[in-house]
Amino acid sequence: MDISAGILSGFQTVLNPINFLFCFIGVFIGTLVGVLPGIGPVGAMSILLPTTYGFSPVSSIIMLAGIFYGAMYGGSTTSILVNIPGEAASVVTCLDGYQMARKGRAGPALGISALGSFIGGTFSVIGLMFLVFPLAKAALSFGAPEYFALIVLSMTVVTYLASGSFIKALIMVLFGLILGTVGIDSTSGVARFTFGCVPLLDGIGLVPMAMGLFGISEVLMNLEIMLERTIFETKIRNLLPNFQDWKKSIGPIIRGSLMGFFLGILPGPSPVISSFLSYSIEKRISKDPTSFGKGAIEGVAGPETANNAATGGSFVPLLALGIPPNISMGILLGALMIHNVIPGPLLISQRPEIFWGIIVSMYIGNIMLVLLNLPLIGIWVQVLKIPYRLLMPLILLCCLIGAYSINNNIADVIIMNIFGVVGYALRKFDYEMAPLILAYILGPMLEAHFRTSLIMSDGNLSIFMERPISCVTLVISIILLLSTGFSYYRKMKGKVIT
């Protein structure tokens, strides 16, 4: 199927009334999640994962994807009007967006944010279409050793890019790998780490685990935070930027689109990294760097474009290789596997309706988001006034209903609550969730490819070094681990000496 025929079939899939509705629901919830600080797209995707069980894989993935990239749009609203980022990728937008609002330019700030996001999102969809094909074609020549090495590299990079302690990130990876082995071993049929608990024979379910780590723990964290949200009272007018605004913003938008898309392909929190990097570059090359932090529109246009472009780039390794580069894509991978859909190089030929449906839904979703964010800005301002004492119990209720509805089994509710407490404790001690959940999802794949590789070589580990791709990939992983470990050692040694 060529690209033009694929796009046509994608439009036929998405314009199906049910799929179109799910696309709208996804971007609407994504915008809502972005507007409300503290929940985040991963938490929303985890909470809503049980609702996808009764629907087709196409509808489910379209909705979950819409939540992911929709949250990037909504996050800018709180950054500009409240000076509180609704999503981590919108932290940088606070610096200049809020200052623009204080100067009576909230309208142009919101307008350039939405339009820049649309341009970045559209560019990433086009890039996704053209890049995923050669990557998937190359992946067809990969064997078990290559996939094992790629998964190792993916988890290594996530650990390397962890914002906190390297040791803590490494512990989370190991913890996730252990959790992924719980249940009956598919090769030997032996029960592992079940401790006689019958519900654990099928393993720990992704849905109750994710809902606990990202839903319940978020509620517990917010119960102890008295967050004051003071909305800057100003009339929001002139949402469309003027010629001078466009003149200043067009360069940052182009650079943000390119940078965000290619950073999105790499493992790690790409939307966050791309927005920070875009802001740094725009400030460095600006003729008036002192204007940044005081209401420079370039400081809004670049980062907001970059983080939305990164969302499209994140789909490239997931769809082409079946390897999620970040935690949101890990949840999407889990959703695909729940529906017996295996992403990777064969997805385009075996399930073209899903592949093209996702791509076209992202383009249509970006149009919906512009229409949702600009004309309905007054509604989102009112949503910001919802008190947490009303919001958090509703989230908790959704988690409880969702966990039980999966298998109508109270054991799933218990597992969710346990991981809720575990997630709360981990957050209190500054342990990151991303390495844990990615290792949990990728762990069984890592084990399967490792075993297959050993079967191919009659138990000889040299097979990983004999094949060029796996050898180079593993060497890069080792270098990253050693460099990070050495830096951590020097830092700790310096503290001891002082």
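See the structure printed just above.
What counts and how
- Residues numbered from 1 in each chain as written.
- Predicted model: local features only at pLDDT ≥ 70, side-chain atom pairs only at ≥ 80, totals over all residues.
- Heavy atoms only, no water.
- Helix = DSSP H or I, 4+ residues; strand = E, 2+ residues; numbered from the N terminus.
- Rg over C-alpha atoms; globule rule 2.2 N^0.38 Å.
- Buried < 20%, exposed > 50% of the residue type's maximum accessible area, 1.4 Å probe, protein only.
- Contact = heavy atoms within 4.5 Å.
- Areas by Shrake-Rupley, 256 points an atom, 1.4 Å probe, with all protein chains shown as cover.
- Lys, Arg positive; Asp, Glu negative; His and termini not counted.
- Charge placed at Lys NZ, Arg CZ, Asp CG, Glu CD.
- Phe/Tyr/Trp six-rings, centres within 6.5 Å; stacked < 30°, edge-to-face > 60°.
- Lys NZ or Arg CZ within 6 Å of the ring centre and 35° of its normal.
- 1 Å grid on protein atoms, 1.4 Å probe; cavity = no way out; pocket = protein on both sides within 12 Å on 5 of 7 lines; lining within 4 Å.
- Points joined across faces, edges and corners; volume = space filled by probe spheres on them.
- Nonpolar A, V, L, I, M, F, W, Y, C, P; charged D, E, K, R; others polar.
- Expected span 1.5 Å × (residues − 1).
- Axes fitted to C-alpha atoms, helices over the stretch in contact; angles between N-to-C directions.
- Salt bridge = Lys/Arg side-chain N within 4 Å of Asp/Glu carboxyl O.
- Parallel < 35°, antiparallel > 145°, perpendicular 65-115°, else oblique.

(A) Looking closely at the overall build of the protein. Scanning the protein for helices and strands turns up 21 helices and two strands. A compact globule built from 498 residues would reach a C-alpha radius of gyration of about 23 Å, and the protein, at 22 Å, matches this within 12%. Of all 498 residues assigned to the protein, the portion counted as buried reaches 56%. Pairs at least 24 residues apart make up 80% of the contacts formed inside the protein by residues separated by at least 6 positions. Of the accessible surface of the protein, which amounts to about 21,200 Å², a share of 69% is contributed by carbon and sulfur atoms. Of the charged side chains in the protein, 27 are positive and 22 negative, and the gap between their average positions amounts to 11 Å.

(B) Structural context of the packing of aromatic side chains. Applying the stated criterion across every chain yields a total of 13 aromatic pairs. Centre to centre, the rings of Phe450 and Phe464 are 5.8 Å apart; their planes meet at 0°, and the pair counts as stacked. Taken together, the positions of Phe450 in helix α19 (residues 433–456) and Phe464 in helix α20 (residues 463–466) put the pair 14 residues apart, joining distant regions of the chain. Look at Phe450 and you get partly exposed, because its relative accessible area is 29%. According to the relative accessible area criterion, Phe464 is buried, its value standing at 5%. Directly above the aromatic system of Tyr431 lies the positively charged group of Lys168, at a separation of 5.1 Å from the ring centroid.

(C) Fine view of the layout of surface pockets. Size it by volume and the second largest pocket reaches roughly 900 Å³. Around the second largest pocket, the lining is made up of 36 residues, and of these Asp202, Gly203, Ile204, Gly205 and Tyr440 lie nearest the centre. Those elements that place two or more of their residues in the lining of the second largest pocket are α8 (166–180), β1 (183–184), α9 (206–223), α13 (327–338), α17 (388–407), α18 (410–428) and α19. For the lining of the second largest pocket, the residue count by class is 20 nonpolar, 10 polar and six charged.

(D) Highlighting helix α10 (residues 243–265). With 23 residues, α10 should reach 33 Å at 1.5 Å per residue; the first-to-last C-alpha distance of 33 Å fits that figure. Taken residue by residue, α10 has Asp245, Ser249, Gly251, Pro252, Ile253, Gly256, Ser257, Met259, Gly260, Phe261, Leu263 and Gly264 as its buried positions.

(E) Molecular detail of empty space enclosed by the protein. Within this structure, the stated rule accounts for two cavities of 30 Å³ or more. Counted as a void, the largest cavity has a volume near 50 Å³. The wall of the largest cavity is formed by Tyr73, Ser76, Thr77, Leu110, Ser113, Ala114, Asn373, Leu374 and Ile377. Where the lining of the largest cavity is concerned, the elements lending two or more residues are α4 (57–81) and α6 (106–139). Across the lining of the largest cavity, the residue classes break down as five nonpolar, four polar and no charged.

(F) Geometry of the packing of helix α5 (residues 93–102) against α6. Two elements in contact, α5 and α6, have axes separated by 7 Å at closest approach and are oriented at 145°. Residues Gly97, Met100 and Ala101 of α5 form the contact with α6, whose own contacting residues are Ala106, Pro108 and Ala109. Its residues assigned to classes, the contact of α5 with α6 shows five nonpolar, one polar and no charged.

(G) Seen up close, the pattern of salt bridges. Here the structure, examined in full by the defined rule, presents seven salt bridges. Here Asp185 makes a salt bridge to Arg451, at a shortest N to O gap of 2.9 Å. Within this pair, whereas Asp185 is found in the loop between β1 and β2 (191–192), its partner Arg451 is found in helix α19, the two being separated by 266 residues in sequence. The buried category is assigned to Asp185, whose relative accessible area is 5%. The partner of Arg255 in a salt bridge is Glu282, with the nearest N and O atoms 2.8 Å apart. Remark: Glu282 occurs in helix α11 (residues 270–285) and Arg255 occurs in helix α10; sequence separation between them is 27 residues. A residue is classified by how much of its surface remains accessible, and Arg255, at 34% relative accessible area, is partly exposed.

(H) Examining the environment of Met221 more closely. When you line up the elements, Met221 lands in helix α9. Residues Met221 and Lys428 lie 207 residues apart in sequence; the distance between their C-alpha atoms is 8.4 Å. Those residues in contact with Met221, other than ones at most four positions away along the chain, are Tyr424, Arg427 and Lys428.

(I) Representation of the packing of α4 against helix α12 (residues 298–321). Running from amino to carboxyl end, α4 crosses α12 at an angle of 170°, the nearest separation of the two axes being 10 Å. The angle between the axes of α4 and α12 places the two elements in the roughly antiparallel class. Counted together, Ala65, Phe68, Tyr69, Met72, Tyr73 and Ser76 of α4 and Glu304, Asn307, Asn308, Thr311, Ser314 and Phe315 of α12 form the full contact between these two elements. Looking at the contact of α4 with α12 residue by residue, the classes come out as six nonpolar, five polar and one charged.

(J) Representation of unusual backbone geometry. One non-glycine residue, Phe195, adopts positive backbone phi at about 55°. Secondary-structure assignment places Phe195 in the loop between β2 and α9. Within the chain, Asn340 stands out as a residue other than glycine whose phi angle is a positive 60°. By relative accessible area, which is 67% here, Asn340 ends up exposed.

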